[in-house]
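Observations on the model geometry
Residue-level listing of the chains:
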Amino acid sequence: MSSTDGITNTYTNPAYNMADKTVSSSLDKDGFLKMLTEQMKNQDPTSGQDPNQYFQTISQMTTVEQLTNLASASTAALSRQKDSNATQLIGKTVTYPGKDGLPVTGVVDSVQLSATKGPSLTVAGNAGIDPDLINNVK
């Protein structure tokens, strides 16, 4: 009977390597639950572990996650409100400080909405005016 050697010349493209290449220094909720499950599977049944500690930790992680979700939702709502406020200025006469510091007055022609920079106004043909600079609306 012949034996075979385990060495082959098969090439595997690195794109097909499914190993996770990202290294994280923090533990997310899924990682924590996996670790907790393994710890509970492998704990010594003769030593007294307090199960309340596990549930308190899970409860705290859930609270932090919900607060994070709430903060994200609040930020998104604030951004939508700022866009809405800017669009309501179309056709209104506004005053803002010019480049030289002197007040500039003009009618808002249009609003440009950007997900990265937020809204900006075009006032009397001058584009890129930050709505936060507006100090008077007529």
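Residues numbered from 1 in each chain as written. Predicted model: local features only at pLDDT ≥ 70, side-chain atom pairs only at ≥ 80, totals over all residues. Heavy atoms only, no water.

1. A closer look at the confidence of the model for the protein chain
The predicted model of the protein chain has a mean per-residue pLDDT of 78, with 78% of residues at 70 or higher. In the model of the protein chain, helix H1 (residues 29-42) stands out as the element of lowest mean pLDDT, 76, in contrast to strand E1 (residues 93-97), which has the highest, 93. (pLDDT = per-residue confidence, 0-100. Helix = DSSP H or I, 4+ residues; strand = E, 2+ residues; numbered from the N terminus.)

2. So, the pattern of salt bridges
Within the structure shown, the criterion is met by one salt bridge. The residue Asp-132 makes a salt bridge to Lys-82 at a minimum N-O spacing of 3.0 Å. Placement of Asp-132 in the loop between strand E4 (126-129) and strand E5 (136-137) and of Lys-82 in helix H2 (residues 51-87) is noted, with a sequence separation of 50 residues between them. The exposure class assigned to Asp-132 is exposed, which follows from its relative accessible area of 54%. (Salt bridge = Lys/Arg side-chain N within 4 Å of Asp/Glu carboxyl O. Buried < 20%, exposed > 50% of the residue type's maximum accessible area, 1.4 Å probe, protein only.)

3. With respect to the pairing of strand E2 (residues 103-112)
The pairing of E1 with E2 spans five bridges and is classified as antiparallel. Residue pairing for E2: Thr-93 is matched across the bridge by Val-107. Adjacent in sequence and paired antiparallel, E1 and E2 are bridged by five residues, among which Gly-101 carries a positive phi angle near 90°. Inspection of the sheet shows E2 paired to strand E3 (residues 120-123) by four bridges, in the antiparallel sense. In the strand pairing of E3, Val-108 is matched with Val-123. (Pairing = 2+ DSSP bridges.)

4. A closer look at the sheet that holds E1
Two strands in a sheet stick together by hydrogen bonds in their backbones, pointing the same way (parallel) or opposite ways (antiparallel). Read across the sheet, five strands follow the order E4-E3-E2-E1-E5 without closing on themselves; strand pairing throughout is antiparallel. Bordering the open sheet on either side are E4 and E5, each of which pairs with just one other strand. Bridge analysis of E1 against E5 gives two bridges, and the strand direction is antiparallel. Counted as the bridge partner of Val-94 is Val-137 from E5.

5. Some details on the environment of Lys-117
Mapped onto the elements of the fold, Lys-117 is located in the loop between E2 and E3. With a relative accessible area of 74%, Lys-117 lands in the exposed category. Along the primary structure Lys-117 and Asp-130 are separated by 13 residues, whereas in three dimensions their C-alpha atoms are 9.8 Å apart.

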